[in-house]
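# Structural features, examined
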Amino acid sequence: MKKTLNQKAWFMVLPVLLLVAFSAIIPLMTVVNYSVQDTFGNNEFFWVGLEWFEEILHSERMHDALSRQAMFTAIILLIEIPLGIFVALHMPKNKGFWSSLCLVLVALPLLIPWNVVGTIWQVFGRVDIGLLGHSLASLGIDYNYTQNSTAAWFTIIIMDVWHWTSLVVLLCYAGLQSIPDAYYQAAKIDQASRWNVFRHIQLPKIKGVLLIAILLRFMDSFMIYTEPFVLTGGGPGNATTFLSIDLVKMAIGQFDLGPAAAFSLMYFLGILLVSYVFYTLMVNSEGQGS
Amino acid sequence: MKINKSACVMVLYILFLMLPIYWLINMSFKTNQDILNSFSLWPNNFTFDNYIVIFTDPSWYKGYLNSITYVVMNTLISLAVALPAAYAFSRYSFMGDKHLFFWLLSNRMAPPAVFALPFFQLYSSVGLFDTHIAVALAHTLFNVPLAVWILEGFMRGVPKEIDETAYIDGYGFFGFFRKIFMPLIASGIGVAAFFCFMFSWVELLLSRTLTSVDAKSIAATMTRTASASGLDWGLLAAAGVLTIIPGALVIYFVRNHIAKGFALGRV
Amino acid sequence: MAKITLSNLAHSYSKTPASPSDFALKTIDHIWEDGSAYALLGPSGCGKSTLLNIISGLLAPSQGKVLFDDNDVTSASTSERNIAQVFQFPVVYDTMTVRQNLAFPLKNRKLGAAYIDSRVNDVANMIGMQDFLNDKASGLTADAKQKISLGRGIVREDVNAILFDEPLTVIDPQMKWELRTQLKALHQQLGHTMIYVTHDQTEALTFADKVVVMSEGEVVQVGTPTELFERPAHTFVGFFIGSPGMNVLPVTVVGSKAMIGNHEIQLNSTYEQLSGTIEMGIRPEYIKLSNEPSGLAIKIDRVEDVGHHKIVRTRHALDDQSLGINVIVKEGLEITDDMQYLVFEREKINVYADKWLQDGKAAI
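Model, not experiment: these values are computed from the prediction.

### Brief notes about the overall build of chain C
- Summing up its helical and strand segments, chain C has 9 helices and 23 strands in all.
- Reported as C-alpha extents along the three principal axes, the dimensions of chain C are approximately 75 × 50 × 35 Å.
- Put simply, chain C has 364 residues, and 40% of those count as buried.
- Of the contacts formed within chain C by residues at least 6 apart in sequence, a portion of 65% connects residues at least 24 apart.

### Details of the domain arrangement of chain C
All names here are of chain C.
- In terms of domains, chain C is made up of domain 1 (4–240) and domain 2 (248–362).
- Between the C-alpha centres of domain 1 and domain 2 there is a distance of 38 Å.
- Broken down by class, the residue content of the side of domain 1 that touches domain 2 amounts to 3 nonpolar, 3 polar and 1 charged.

### Considering the arrangement of the chains
- By contact count, the dominant pairing among the 2 pairs of chains in contact is that of chains A and B.
- Contact between chain B and chain C is absent, and the minimum C-alpha spacing across the pair is 14 Å.

### Observations concerning the sheet that holds strand β19 (residues 321–330) of chain C
All names here are of chain C.
- If you trace the 3 strands from one edge of the open sheet to the other, you get β17-β18-β19, paired in antiparallel fashion. Single-partner strands in this sheet number two, and they are β17 (299–305) and β19. Geometrically, the sheet is characterised by an average inter-axis angle of 20° between neighbouring strands, direction not taken into account.
- Relative to β19, strand β18 (residues 309–318) runs antiparallel, the two sharing 10 bridges. Paired with His309 across the bridge in β19 is Lys330.

### Some points on the interface of chain B and chain A
- Each partner contributes to the interface: chain B provides 80 residues, whereas chain A provides 76 residues.
- Element by element, the count of residues in the side of chain B that touches chain A is highest for helix α13 (residues 233–263) of chain B, at 16 residues.
- Grouping the amino acids of the side of chain B that touches chain A by side-chain chemistry returns 65 nonpolar, 11 polar and 4 charged.
- Pairing between strand β1 (residues 4–5) of chain A and strand β1 (residues 92–93) of chain B: 2 bridges, direction parallel.

### Remarks on the domain arrangement of chain B
All names here are of chain B.
- By domain assignment, chain B separates into domain 1 (1–47) and domain 2 (54–263).
- Look at where the C-alpha atoms of domain 1 and domain 2 centre, and you get two points 31 Å apart.
- Taken together, the contact pairs 9 residues of domain 1 with 8 residues of domain 2.
- Counting residues per element, the side of domain 1 that touches domain 2 draws most heavily on helix α1 (residues 2–28), at 5 residues.
- Residue composition of the side of domain 1 that touches domain 2, grouped by class: 5 nonpolar, 3 polar and 1 charged.

### What about the interface of chain C and chain A?
- Every contact between the two is made by 20 residues of chain C and, on the other side, 13 residues of chain A.
- Only α2 (78–81), β6 (84–86) and α3 (98–108) of chain C provide two or more residues apiece to the side of chain C that touches chain A.
- Taken together, the residues of the side of chain C that touches chain A break down into 10 nonpolar, 7 polar and 3 charged.

The rules behind each value
- Residues numbered from 1 in each chain as written.
- Chains lettered and ligands numbered in written order.
- Predicted model: local features only at pLDDT ≥ 70, side-chain atom pairs only at ≥ 80, totals over all residues.
- Helix = DSSP H or I, 4+ residues; strand = E, 2+ residues; numbered from the N terminus.
- Buried ≥ 20, exposed ≤ 12 C-beta atoms within 10 Å, placed from the backbone.
- Contact = placed C-beta atoms within 7 Å.
- Domains from an automatic or database assignment.
- Nonpolar A, V, L, I, M, F, W, Y, C, P; charged D, E, K, R; others polar.
- Pairing = 2+ DSSP bridges.
- Axes fitted to C-alpha atoms, helices over the stretch in contact; angles between N-to-C directions.

What follows is the structure, encoded as structure tokens:
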């Protein structure tokens, strides 16, 4: 659609601008402020320049948290995206009772408060009272997510897959719904194989939503806080201390405002940078699609 | 043959999704002793005690009321400011519109953990700490960009000629917006409201940081009670089950719009 | 290439059809001759796409059989039937080049690379896409994409039939002419059995050797364009074909005379004992405006000049209602105020009972 040039439109955007400025810019300024100062208490601050940034950049603790985070995000993307596509391909296509039921059940994990998701898996995975933990233990597997870091990782990953694969499923499902029947009919007539149908019809049509799915999963998994906080509290040791958990520990637990602020800014900018690349890719593919 | 394979995949996947939830429900109908002493696939001594505790103890049920209060406030505020903005983005071009749009979106990408402390200080300094509005406003940071994005997608689908026809027919801007435009994008508003509700309902970190007593959310109640009084698993499970219900209801009502909203590629 | 026989065929989308109106397709017996070009013509929702999908095997009929030559293929899958189909909207594989698109049906059938190569080049020449073979299909215009769909339809030489499901809907009017001409030429060149579904009478009449007209799930007439024009078997055909369609007027018929109210019209044939609702059909092309009071008295409502002729909308007062009658007159004719009568060309009048054409004996 061709848009008309109208500078007065700014007035319509103004409420959003004021609101977001109030809840984004002011806090961000606080963060920036802290990130370049140090304090000995009593609300007395002095200028330290970029020291905090340097410290964070060279801190072993941050490197470890970052590599754990990157590893976690990579693993869940590698599982959730293919699994989500796979499940979406098998969702019932026709409207009706079964497809509604599937839709509601599949979407359910997305609307459970994140701490409850943590609680559910905390309970489910316990050796004494949880179905999963109990079953694994009775199979003779040494499984205790509070003491064994492999078990902790396994539980957190399966929890994230449980929690978020449905988002990928729903997105891909919507993308698949928009493919006209004629494409499938033409493929039948051309004797295209199942793989060719996927490769040349379905995949190109869900490319757009798939990019969104990857972007969202990347962003959200990179910020994951509540679920591992409830499940393992970042442990055992620091085995599941991801960036957000570490940040909250630093800022609210230890009240190391300077390093925490510097850390926050770099964290935010990092996510923003990756997201910008995705966003550009997405806008470009949207332009091609139409 | 093909139908069977699809059904198998769906059954397995849904089983995977439902088992942990079933386990939670199972436990919510047991007493704490039962849970700790005997492992069983269903409640042996079926009891409503956990639910009765939650519905009679104000420190529990107030948590639900508080959560619902700030979720509804947040949804209303988000939609109220997002509607005109989305209209502007979908209809007009103006100085800096593209940058503004991305900047708005970028807020959706901000880790809540980054904002936890500054929010705490900001709302404390203006005297809003431990109020519903504080949580509602904090959540708008994530929901408004999302709502603008979703609504803009739906509005772009409404041809501009409709606006022009309405003006020719003598509608003023507000009359047109309320009587003609809003009904046309009703499902878009529904989807946007759904996502606002969803995010605000599931979020823990900010709502826990910004409240202490009067506006304490159910999520915060759950995490705090759990650590304070030793773990009463049955009670915790019942509280968890009750938080799933509003979400399930919301999904049920918007199930047909969701696919459409997703199809527009706007989440 | 094959002859296609539909035997006692019917289809309902409901699983338990109760009344005839539940059937999207009412019982049909029809033979599509080998190597002919057919058009399947009818308004939207008349069941023509249903019929096409049954022939292509995308839909299983509720009853009856489909035979290709003498083989029963009713339960055979689409790919076993070895047919080609071109859809309403261009279906191209966006990820492939034009060349890969055209080669795709052949590749899937494991044909030799050399053969595929030469065949793709031939087809590209036929559809005029030879210069774009290495372009990505996604960047092309709608009509170029539809040409590719068309090309994929004709790329296999051994297909039993090629089916077209309103293939020119999304094409610009000017390109329509070009593509249709190309299609007609391809049919003459290749000699495939072709079935072309459309709701556009011009497309149907120019493309087909024989036109099958459908209405409400029923085949009402199969005939050459001339037959459909001169002797519509059903008032629907008369009305649907032609612009404007045939005038259908309520009459009473006795022997070789038809009466519109008190006005008597001499017919070419004699009819005996017609029962049901009797109507007479006369095309606007075969009516003359006249100032002779022996004709049917009318009033002219308005005259529409469409360039090479004029359409005159007239009214005849019959009892308390008025009958609209359309007349086509030549461009040069001047319409004067005293032209208040109509004269019908006797041999062009058809008589219908309950909407179906009646054959009379030649009158002396």
